[in-house]
Amino acid sequence: MTITLLAKKGGVGKSTVCLLLHEAFKKAGKTVAIQDWDAQGTSNKALAFVNGQRAEPDASYDILLIDTPPNLEHPATAAAVRSADIAIVVTSPAPADLWEAQEAVQYVKSKGPQASVRVLFNKVRKNTILGRLLDESSKQIGAPVIPVKLSSRECYQHAIGQGWAALDATAREELLHLAVSLMSPHAVETA
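Residues numbered from 1 in each chain as written. Predicted model: local features only at pLDDT ≥ 70, side-chain atom pairs only at ≥ 80, totals over all residues. Heavy atoms only, no water.

1. Some remarks on the sheet that holds strand β4 (residues 86–91)
So, step 1. Across the sheet, five strands lie side by side as β2-β3-β1-β4-β5; this open sheet has parallel pairing. Because the sheet does not close on itself, it has two edges, and the strands there are β2 (32–36) and β5 (116–121). Averaged over all adjacent pairs, the angle separating strand axes in this sheet is 25°, with direction ignored.
So, step 2. Direction of pairing for β4 relative to β5: parallel, over a ladder of six bridges. Looking across to β5, one finds that Val90 is bridged to Leu120. (Pairing = 2+ DSSP bridges. Helix = DSSP H or I, 4+ residues; strand = E, 2+ residues; numbered from the N terminus. Axes fitted to C-alpha atoms, helices over the stretch in contact; angles between N-to-C directions.)

Have a look at this one:
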């Protein structure tokens, strides 16, 4: 299964989510690798710290994660969307990020109609106004929202350099639930 992570803009945590998914799938016993097409190279740098797997040409993995540039105009983003089974638009609950997520969803629908597009809310603080309005906000986006929302957790930032060991029990559970939801058969159904 190829999972492409994309966002129209930086700052929503796309590369962090990519690494967290890598770690969660690895813990779930899957062979997993990341193909990092983001010029910043955050995923590749993080993989070196956590003994992770970079995608090798002609290798086969249960899960291939593609980290794209935070830009819908970049040719790598289009190529990644065209090769995706699932395209995950990563966003935060902030209004400006939601607007950009809407555009990213439309982008996936036009560039990769074979991909099952899903929206993942990241950096969610449940007891804030934006957190409480999440269900209402998600109706504006135009694609199914993954039921697991990633909370705003400092340990997720630490995972970039320490991997699974940086995560507390609640974070681990949240990520394993996310991985399971992506492996379920309905995750790849087109919306």
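After presenting the structure, the write-up continues.
2. Considerations on unusual backbone geometry
So, step 1. Here the phi dihedral of Asp58 falls at roughly 65°; this positive angle occurs in a residue that is not glycine.
So, step 2. Note on Asp58: relative accessible area 84%, which makes it exposed. (Buried < 20%, exposed > 50% of the residue type's maximum accessible area, 1.4 Å probe, protein only.)

3. Thoughts on the packing of helix α3 (residues 75–82) against helix α4 (residues 95–111)
So, step 1. One way to put it is that α3 packs onto α4 with a least axis distance of 9 Å and a crossing angle of 65°. The element α3 and its partner α4 pack so that their crossing is right-handed. Here α3 contributes Thr77, Ala78, Val81 and Arg82 to the contact with α4, which in turn contributes Tyr107, Val108 and Lys111.
So, step 2. Classifying every residue of the contact of α3 with α4 gives four nonpolar, one polar and two charged. (Left-handed = near helix turned anticlockwise from the far one by under 90°. Contact = heavy atoms within 4.5 Å. Nonpolar A, V, L, I, M, F, W, Y, C, P; charged D, E, K, R; others polar.)

4. Here's the deal with the pattern of salt bridges
So, step 1. Counted under the stated rule, the structure contains eight salt bridges.
So, step 2. A salt bridge links Asp168 to Arg153, with the nearest nitrogen and oxygen atoms 3.9 Å apart. Taken together, the positions of Asp168 in the loop between α7 (154–162) and α8 (169–183) and Arg153 in the loop between α6 (134–138) and α7 put the pair 15 residues apart, joining distant regions of the chain.
So, step 3. According to the relative accessible area criterion, Asp168 is partly exposed, its value standing at 36%. (Salt bridge = Lys/Arg side-chain N within 4 Å of Asp/Glu carboxyl O.)

Function-wise, these values are silent; they only describe arrangement.
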